[in-house]
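Residue-level listing of the chains:
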Amino acid sequence: DSGVTQTPKHLITATGQRVTLRCSPRSGDLSVYWYQQSLDQGLQFLIQYYNGEERAKGNILERFSAQQFPDLHSELNLSSLELGDSALYFCASSVAGTKNNEQFFGPGTRLTVL
Amino acid sequence: GDSVTQMEGPVTLSEEACLTINCTYTATGYPSLFWYVQYPGEGLQLLLKATKADDKGSNKGFEATYRKETTSFHLEKGSVQVSDSAVYFCALSDASGGSYIPTFGRGTSLIVHP
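**As for the interface of chain A and chain B**
How big an interface is tends to be stated in terms of the accessible area lost upon association of its parts.
Alright, step 1. Every contact between the two is made by 24 residues of chain A and, on the other side, 20 residues of chain B.
Alright, step 2. A buried area of about 1700 Å², summed over both sides, lies between chain A and chain B, and 55% of it is on carbon and sulfur atoms.
Alright, step 3. Between chain A and chain B we count five residue pairs in polar contact (both at pLDDT 80 or more) in total.
Alright, step 4. Taken together, the elements giving at least two residues each to the side of chain A that touches chain B come down to β4 (31–38), β5 (42–50) and β6 (53–57) of chain A.
Alright, step 5. Among the elements that take part in the side of chain A that touches chain B, β5(A) stands out by supplying four residues, more than any other.
Alright, step 6. For the side of chain A that touches chain B, the class distribution of residues is nine nonpolar, ten polar and five charged.

**Digging into the pairing of strand β11 (residues 109–113) of chain A**
Residues and elements named next belong to chain A.
Alright, step 1. Burial of the side chains of β11 is restricted to one face: T109, L111 and V113 are buried, whereas none of R110 and T112 on the reverse face is.
Alright, step 2. Of the strand pairs in this sheet, strand β2 (residues 10–13) and β11 are connected by four bridges, and their pairing is parallel. By the bridge assignment for β11, I12 is matched with T112.
Alright, step 3. Taken together, the three bridges between strand β9 (residues 87–94) and β11 define a ladder with antiparallel strand orientation.

**Some points on the layout of surface pockets**
Alright, step 1. In this model, the largest pocket occupies a volume close to 750 Å³.
Alright, step 2. Taken together, 31 residues line the largest pocket, and the ones lying closest to its centre are A:Q37, A:S38, A:L39, B:Q38 and B:F89.
Alright, step 3. Among the elements of the structure, β4 and β9 of chain A together with β1 (3–6), β10 (86–96) and β12 (108–113) of chain B are those that each provide at least two residues to the lining of the largest pocket.
Alright, step 4. The class makeup of the residues in the lining of the largest pocket is twelve nonpolar, 14 polar and five charged.

**A look at the packing of aromatic side chains**
Aromatic ring pairs: the centre-centre distance and the angle between the two ring planes describe each pair.
Alright, step 1. Tallied over the entire structure, the rule returns 14 aromatic pairs over all chains.
Alright, step 2. Ring centres 6.3 Å apart and planes at 80° place the aromatic pair A:F90 and A:F105 in the edge-to-face group. Of the two residues, A:F90 sits in strand β9 while A:F105 sits in strand β10 (residues 104–105), which places them 15 residues apart along the sequence. With respect to class, A:F90 is no different from A:F105; both count as buried.
Alright, step 3. Judged by centre distance (6.0 Å) and plane angle (70°), the ring pair of B:Y30 and B:Y66 falls under edge-to-face. Remark: B:Y66 occurs in the loop between β8 (62–65) and β9 (75–77) and B:Y30 occurs in the loop between β4 (23–26) and β5 (32–38); sequence separation between them is 36 residues.
Alright, step 4. Residue classification places B:Y66 among the buried positions, given a relative accessible area of 0%.

Rules and cut-offs
- Residues numbered from 1 in each chain as written.
- Chains lettered and ligands numbered in written order.
- Predicted model: local features only at pLDDT ≥ 70, side-chain atom pairs only at ≥ 80, totals over all residues.
- Heavy atoms only, no water.
- Contact = heavy atoms within 4.5 Å.
- Buried area = accessible area lost by both parts, 1.4 Å probe.
- Polar contact = N/O pair within 3.5 Å; in protein donor to acceptor, adjacent residues only side chain to side chain.
- Helix = DSSP H or I, 4+ residues; strand = E, 2+ residues; numbered from the N terminus.
- Nonpolar A, V, L, I, M, F, W, Y, C, P; charged D, E, K, R; others polar.
- Buried < 20%, exposed > 50% of the residue type's maximum accessible area, 1.4 Å probe, protein only.
- Pairing = 2+ DSSP bridges.
- 1 Å grid on protein atoms, 1.4 Å probe; cavity = no way out; pocket = protein on both sides within 12 Å on 5 of 7 lines; lining within 4 Å.
- Points joined across faces, edges and corners; volume = space filled by probe spheres on them.
- Phe/Tyr/Trp six-rings, centres within 6.5 Å; stacked < 30°, edge-to-face > 60°.

Okay, structure coming up:
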């Protein structure tokens with residue numbers, strides 16, 4: 001158990017809908033990362049937050065947004081969903097988000113868009 | 001931008017065989033290097049890391065050496081077990097505009113037969 005929790009575990013929805021994925025980092029970790037894992041694209045970094053502020057952006061679509069709240073939990077919002085958004089979404093946390101920091105991954109949320 | 005290239009899998013071995021999974025990278029800065037492992041149905045977890053040239057990371061019988069001259073970080077194990085069956089990800093963390101962007105390889109599946 002990494003100490004990172006993600007809800008829900010599974011999500012099935014329809015094209016055009018909007019969903020929210022939730023992540024609680026390990027106790028004491030200030031940095032949260034979001035990733036998308038799919039068979040064709042591999043593991044893609046989406047976005048990083050550090051202590052409530054956006055720190056780095058990766059391959060995140062404009063239809064996707066995220067935030068980190070004062071209690072350090074984070075939410076990833078996916079809107080106008082398309083079939084191609086079906087994937088595993090991982091959240092990870094680290095102490096400070098610096099170059100050498102290990103990331104601790106949650107179990108993931110499997111999103112299926114029908 | 002930065003990139004990580006791993007050998008394609010699956011790699012299929014018999015128990016007690018030697019393992020090498022190749023990983024090479026391109027980076028604009030001086031990255032830290034990581035190997036993560038993902039067991040079926042779980043999130044990624046750190047296997048080992050190295051933060052500067054010639055450093056050797058090791059854990060659970062696995063090891064990898066940071067080779068700056070060949071931009072490589074190959075994962076090795078002398079004798080694999082069935083329980084090592086998993087997907088292995090090579091990753092780097094590099095500075096970009098004041099933050100540290102994680103980049104992952106596509107993963108290499110390892111299957112170990114008794």
